[in-house]
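Each chain, written out:
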Amino acid sequence: APGTNAIVRAVGLGKRFGQFQALTDVTLDVARGEVLCIIGPSGSGKSTFLRCINQLETVTDGALWVDDELVGYRRVGNKLYELTDAEIARQRLVTGMVFQRFNLFPHLTALENVIEGPVQVLKRPKAEAVEEARGLLTRVGLAHKADAFPVELSGGQQQRVAIARALAMKPKLMLFDEPTSALDPELVGEVLAVMRDLAKTGMTMIVVTHELGFAREVASRVVFMDAGRIVESGPPSEILSRPTNQRTADFI
Ligand code: ADP
Ligand code: MG
């Protein structure tokens, strides 16, 4: 929010789907450089919160700032105007999102998947985009798979391409929604390793995960959500070892 070090500021954030209140009174700052892990049972609103930050959902109550801008609105003097679709698309570029399902473009190679956004959306010259994409594929350990199609890659490899593809857009904030939940157990480690390396570079990350070992090791802070609310938040050493809330204790 303006004048703070927060890249995300949610104040009394609520999200309703019809009559159903998926998020209630979520108030949270995420500082630049922080790695925030969100844990909580299925249906507790974790994905909805990420989707609000990424503007895949519109907020129904409260306010949300991402990278110093009020999500969905522009302030002119003391009036607020709703953003146009083009303005929202630009605002969304601040965040990169990685989903549980890798959802790569099936008809494009790994390299083509990574350059698609930079070339089509950011209008980067193709040669430059290719060079950067090769660097990103190297970073996720997949330089040798640049010309492979998604169907030729394991789930872990596809997810690492998805991370490279998100990074190619140069986001200021990376959102991960259970990035390893759809993977065979033996492939989880390679994806977490890439995420750990990314955290070391200082990337700001919000990670919804059931990997409590990863949260313990990498998170600067852990948030426990239940029934659409933040129940408890604090350093992993507290939340994951001696939670004060019984619902958190029951979950971990
Ligand atoms: P989590 O990611 O913690 O499992 P979600 O954020 O996906 O939880 O969902 C929170 C609640 O909101 C769930 O009860 C879910 O059924 C509901 N929900 C999510 N998206 C929608 C939607 N588009 N329409 C109606 N209900 C939804
Ligand atoms: Mg979810």
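Before any of the text, the structure's been laid out above.
Below is a summary of the structure that appears in this document. (Residues numbered from 1 in each chain as written. Chains lettered and ligands numbered in written order. Predicted model: local features only at pLDDT ≥ 70, side-chain atom pairs only at ≥ 80, totals over all residues. Heavy atoms only, no water.)

### Quick look at the pairing of strand β1 (residues 6-17)
Argument step 1. Bridge analysis of β1 against strand β2 (residues 20-31) gives 8 bridges, and the strand direction is antiparallel. Bridge pairing links Val8 to Val30 in β2.
Argument step 2. In textbook terms, the turn of a hairpin is the stretch between consecutive antiparallel strands, and for β1 and β2 this stretch comprises 2 residues, one of which, Gly18, has a positive phi near 60°.
Argument step 3. Where β1 and strand β4 (residues 61-66) come together, 5 bridges link them in antiparallel fashion. If you follow Ala10 over to β4, its bridge partner there is Leu64. (Pairing = 2+ DSSP bridges. Helix = DSSP H or I, 4+ residues; strand = E, 2+ residues; numbered from the N terminus.)

### Concerning the site of ligand 1
Argument step 1. Phe17, Phe20, Ala22, Pro41, Ser42, Gly43, Ser44, Gly45, Lys46, Ser47 and Thr48 make up every residue found near ligand 1.
Argument step 2. The backbone of Gly45 places a nitrogen or oxygen atom 3.0 Å from an oxygen atom of ligand 1.
Argument step 3. Ser47 is positioned such that a nitrogen or oxygen atom in its side chain is 2.8 Å from an oxygen atom of ligand 1.
Argument step 4. Out of a free accessible area of 570 Å², ligand 1 has 60% covered by protein chains.
Argument step 5. In terms of residue count, the dominant contributor to the shell around ligand 1 is helix α1 (residues 46-53) (3 residues).
Argument step 6. Split by residue class, the shell around ligand 1 holds 4 nonpolar, 6 polar and 1 charged. (Near = heavy atom within 4 Å. Polar contact = N/O pair within 3.5 Å; in protein donor to acceptor, adjacent residues only side chain to side chain. Areas by Shrake-Rupley, 256 points an atom, 1.4 Å probe, with all protein chains shown as cover. Nonpolar A, V, L, I, M, F, W, Y, C, P; charged D, E, K, R; others polar.)

### Here we look at the packing of aromatic side chains
Argument step 1. As enumerated under the stated definition, the model contains 1 aromatic pair in all.
Argument step 2. With 5.4 Å between their ring centres and 45° between their planes, Phe224 and Phe251 make a pair best called tilted. Separated by 27 residues along the polypeptide, Phe224 in strand β11 (residues 221-226) and Phe251 in helix α9 (residues 246-251) bring together distant segments of the chain.
Argument step 3. With a relative accessible area of 1%, Phe224 lands in the buried category. (Phe/Tyr/Trp six-rings, centres within 6.5 Å; stacked < 30°, edge-to-face > 60°. Buried < 20%, exposed > 50% of the residue type's maximum accessible area, 1.4 Å probe, protein only.)

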